[in-house]
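So the chains spell out like this:
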Amino acid sequence: MGVRFEELAWRETPIGLISLRRRRDPSLDVEVYEVKLDDEYLMSSLFPVAEIELARLGLAPLSGQGLDVVVGGLGLGYTARTALSDDRVGSLLVVEAIEDVIDWHRRGLLPFAAGLAADPRTRFVRADFFAAVADGTGFDPREPGRRFHAVLLDVDHSPRNVLHPGHAPFYTPDGLRRLAAHLHPDGVFALWSDDPPDADFEAVLAEVFRTARAHVVPFANPLTGGQSANTVYVAQR
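First things first, this report covers the structure right here in the doc. Model, not experiment: these values are computed from the prediction. (Residues numbered from 1 in each chain as written. Predicted model: local features only at pLDDT ≥ 70, side-chain atom pairs only at ≥ 80, totals over all residues. Heavy atoms only, no water.)

### Focus on the sheet that holds strand S2 (residues 16-25)
Spatially, S1-S2-S3-S4 is the arrangement adopted by the four strands of the open sheet, whose pairing is antiparallel. With partners counted over all chains shown, the strands left at the sheet margins are strand S1 (5-13) and strand S4 (40-44), one partner each. Strand-to-strand, the axes of this sheet are offset by a mean angle of 20°, without reference to chain direction. Two elements, S2 and strand S3 (residues 30-37), share eight bridges in a ladder whose sense is antiparallel. Its bridge partner being in S3, Leu 20 is matched across the sheet by Val 35. Helix-sheet contacts for helix H3 (residues 99-106) involve S1, S2 and S3, and the interaxial angle to S2 is about 30°. (Pairing = 2+ DSSP bridges. Helix = DSSP H or I, 4+ residues; strand = E, 2+ residues; numbered from the N terminus. Axes fitted to C-alpha atoms, helices over the stretch in contact; angles between N-to-C directions. Contact = heavy atoms within 4.5 Å.)

### Some remarks on a negative patch on the surface
A cluster of like negative charges, contributed by Glu 12, Asp 38, Asp 39 and Glu 40, occupies part of the molecular surface. With respect to the element layout, Asp 38 can be found in the loop between S3 and S4. For Asp 38, a relative accessible area of 42% translates into the label partly exposed. (Patch = residues over 30% accessible without salt bridge, like charges linked within 9 Å, V, L, I, M, F, W, Y side chains within 5 Å. Areas by Shrake-Rupley, 256 points an atom, 1.4 Å probe, with all protein chains shown as cover. Salt bridge = Lys/Arg side-chain N within 4 Å of Asp/Glu carboxyl O. Lys, Arg positive; Asp, Glu negative; His and termini not counted. Charge placed at Lys NZ, Arg CZ, Asp CG, Glu CD. Buried < 20%, exposed > 50% of the residue type's maximum accessible area, 1.4 Å probe, protein only.)

### Some remarks on the environment of Leu 163
Residue position: Leu 163 is located in the loop between strand S8 (148-153) and helix H5 (173-180). With residues near it in sequence (within four places) discarded, Leu 163 still touches Leu 37, Leu 42, Val 155, Asp 156 and His 157.

### Focus on the packing of H5 against helix H6 (residues 199-208)
Interhelical geometry of H5 versus H6 gives an angle of 45° and a closest axis separation of 9 Å. If you check the angle between H5 and H6, you find them oblique. H6 is crossed by H5, and the crossing has right-handed handedness. Along its contact with H5, which presents Pro 173, Leu 176, Arg 177 and Ala 180, the element H6 presents Phe 201, Val 204, Leu 205, Glu 207 and Val 208. Looking at the contact of H5 with H6 residue by residue, the classes come out as seven nonpolar, no polar and two charged. (Parallel < 35°, antiparallel > 145°, perpendicular 65-115°, else oblique. Left-handed = near helix turned anticlockwise from the far one by under 90°. Nonpolar A, V, L, I, M, F, W, Y, C, P; charged D, E, K, R; others polar.)

### Observations concerning helix H1 (residues 49-59)
A large share of H1 lies buried, amounting to nine of its 11 residues. If you check which residues of H1 are buried, you get Ala 50, Glu 51, Ile 52, Glu 53, Leu 54, Ala 55, Leu 57, Gly 58 and Leu 59.

### Some words on H5
When H5 is considered as a whole, its buried residues turn out to be Gly 175, Leu 176, Leu 179 and Ala 180. Along the axis of H5, the buried positions cluster into a sector of 140°, meaning they face one direction only. (Arc of directions from axis to C-beta.)

### Overview of the pairing of S3
Burial of S3 is extensive: six of the eight residues sit out of reach of the surface. Here S2 folds back onto S3, and the loop between the two strands holds four residues, one of which, Asp 29, carries a positive phi near 55°. Across four bridges, S3 lies against S4 in antiparallel orientation. Paired with Val 35 across the bridge in S4 is Met 43. In this antiparallel pair of consecutive strands, S3 and S4, the connection spans two residues, and Asp 38 shows a positive phi of 55°.

### Concerning the pattern of salt bridges
Counted by the stated rule, this structure contains 17 salt bridges. With a closest N to O distance of 2.3 Å, Arg 22 and Glu 6 form a salt bridge. With a gap of 16 residues between them, Arg 22 in strand S2 and Glu 6 in strand S1 connect regions that are remote in the sequence. Judged by relative accessible area, which is 24%, Arg 22 ranks as partly exposed. Relative accessible area serves as the criterion here: at 29%, Glu 6 is assigned to the partly exposed category.

This is the structure:
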């Protein structure tokens, strides 16, 4: 049967205590991996659909080979792992503010993300994604000013519900223009959100990008027995 509950890792960070835990759900007969920030749940392996779709929808508008991709926020690794499953991706830069989260993957604590850390296309950068955009330095410390074909972001709950007040300026026209400067022409910015489509934020995207669309991603919710949904915004220069 195994252990019903185990805290695999935890660490105090500037935004709170982040922890990774594994538990056995007897009603579903599955092992569940969860990330919490203090007492708030950030993500669960029970609900990976929208994180997977973030990569699929974000890469879908692009053409060509050797795509250079940034994933902002590593978490359980579903978005990054899905991006690597696209053989057009030539490099994957994962920008994560918390070293311990990177360490979870290097230590192989998340079996469903196996191969992510070992893939030669992957490089982890321990940095604040939002600070890298705000100060203009970009995402790759080895190559300041480097541009990318896609940036896939999953950090905050939504543009309105951020984990830290310092993230809020990113979701303004000025913040998104700074982000767009790190994209190639026709490059894509894709964003996961826990909220329904936000017309005001769609208008902000449309002010900065050539095209912008909000995709509603439904998924089965085994806890309620019904259906839930997240939103993935996809905007292209």
